[in-house]
Amino acid sequence: MARRLDDAMNARLAEHGLTLQQFAILMTVIEHGRMTQAEIGRRFAMPAYAISRAIDGLEADGLLVRDAHPSSRRAHQIHATEKALDMAPAMFAIVKAVNADLTAGLAPDEANRLRQLLADAMNGATL
């Protein structure tokens, strides 16, 4: 099931030039606001170089911006651009469509349980 979810998400996200890793970072920053690279890395238990590469790509695409941190010369705050915020509804639609496809054969209570398990997993997930 997890493989099907990853494959479906990757196929849909590719239409927007995103990887699943970039999507997760982008949506986290959109949801939580300004974050440091270290905060993002801890959320996904990803090494700094992987976070940096993903953010580099999102920054190059005009979706995230790095700004100086107000209290640390060594850190940057990452935040979403207007372009990313405008794109967010399409990203939510992708999640909704993929979830609907994956739960199409399940009873309503089973589908709700699966969605809850997936949401719980994403809140503590590592990519």
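Structural data are supplied above this passage.
Residues numbered from 1 in each chain as written. Predicted model: local features only at pLDDT ≥ 70, side-chain atom pairs only at ≥ 80, totals over all residues. Heavy atoms only, no water.

Moving on, we get to the overall build of the protein. Regarding its fold elements, the protein presents six helices and three strands. In sequence order, the secondary structure elements of the protein are arranged as α-α-β-α-α-β-β-α-α. Its C-alpha atoms put the protein at 55 × 25 × 20 Å along the principal axes. Put simply, the protein has 127 residues, and 34% of those count as buried. Long-range pairs, those at least 24 residues apart, make up 54% of the contacts in the protein with a sequence separation of at least 6. When the accessible area of the protein is evaluated, it comes to approximately 7,600 Å², of which 53% is carbon and sulfur surface. (Helix = DSSP H or I, 4+ residues; strand = E, 2+ residues; numbered from the N terminus. Buried < 20%, exposed > 50% of the residue type's maximum accessible area, 1.4 Å probe, protein only. Contact = heavy atoms within 4.5 Å. Areas by Shrake-Rupley, 256 points an atom, 1.4 Å probe, with all protein chains shown as cover.)

Pairing in this open sheet of three strands is antiparallel, and the strands run S1-S3-S2 from one edge to the other. Bordering the open sheet on either side are strand S1 (35–36) and strand S2 (64–68), each of which pairs with just one other strand. Bridge count for S1 against strand S3 (residues 76–80) is two bridges, and the pairing is antiparallel. The residue bridging Met 35 from the neighbouring strand is Ile 78, located in S3. (Pairing = 2+ DSSP bridges.)

A few words on helix H5 (residues 82–102). The first and last C-alpha atoms of H5 sit 31 Å apart over 21 residues, in line with the 30 Å expected at 1.5 Å per residue. Its axis deflected by about 35° at Ala 88, H5 carries its strongest bend there, up to four residues before the proline Pro 89. Those residues of H5 that sit buried are Ala 84, Met 87, Ala 88, Met 91, Ile 94, Val 98, Asn 99 and Leu 102. (Expected span 1.5 Å × (residues − 1). Bend = angle between axes of the 7 residues up to and from the residue.)

What follows concerns the packing of helix H2 (residues 20–32) against H5. Relative placement of two packed helices is described by the angle separating their axes and the distance separating the axes. Contact pair H2 / H5: the axes reach a minimum separation of 11 Å and the direction vectors enclose 120°. The angle between H2 and H5 falls in the class oblique. When the axes of H2 and H5 are compared, the crossing they make is left-handed. Contacts between H2 and H5 involve Phe 23, Leu 26, Met 27 and Ile 30 on the former and, on the latter, Ala 84, Leu 85, Ala 88, Met 91, Phe 92 and Val 95. (Axes fitted to C-alpha atoms, helices over the stretch in contact; angles between N-to-C directions. Parallel < 35°, antiparallel > 145°, perpendicular 65-115°, else oblique. Left-handed = near helix turned anticlockwise from the far one by under 90°.)

Next up on the list: the pattern of salt bridges. This model, assessed by the stated rule, comprises three salt bridges. With a closest N to O distance of 3.2 Å, Arg 34 and Asp 67 form a salt bridge. Linking Arg 34 in the loop between H2 and S1 with Asp 67 in strand S2, this pair joins segments that are 33 residues apart in sequence. Note on Arg 34: relative accessible area 45%, which makes it partly exposed. Where Asp 56 meets Arg 66, a salt bridge forms, and the shortest distance between an N and an O atom there is 2.9 Å. (Salt bridge = Lys/Arg side-chain N within 4 Å of Asp/Glu carboxyl O.)

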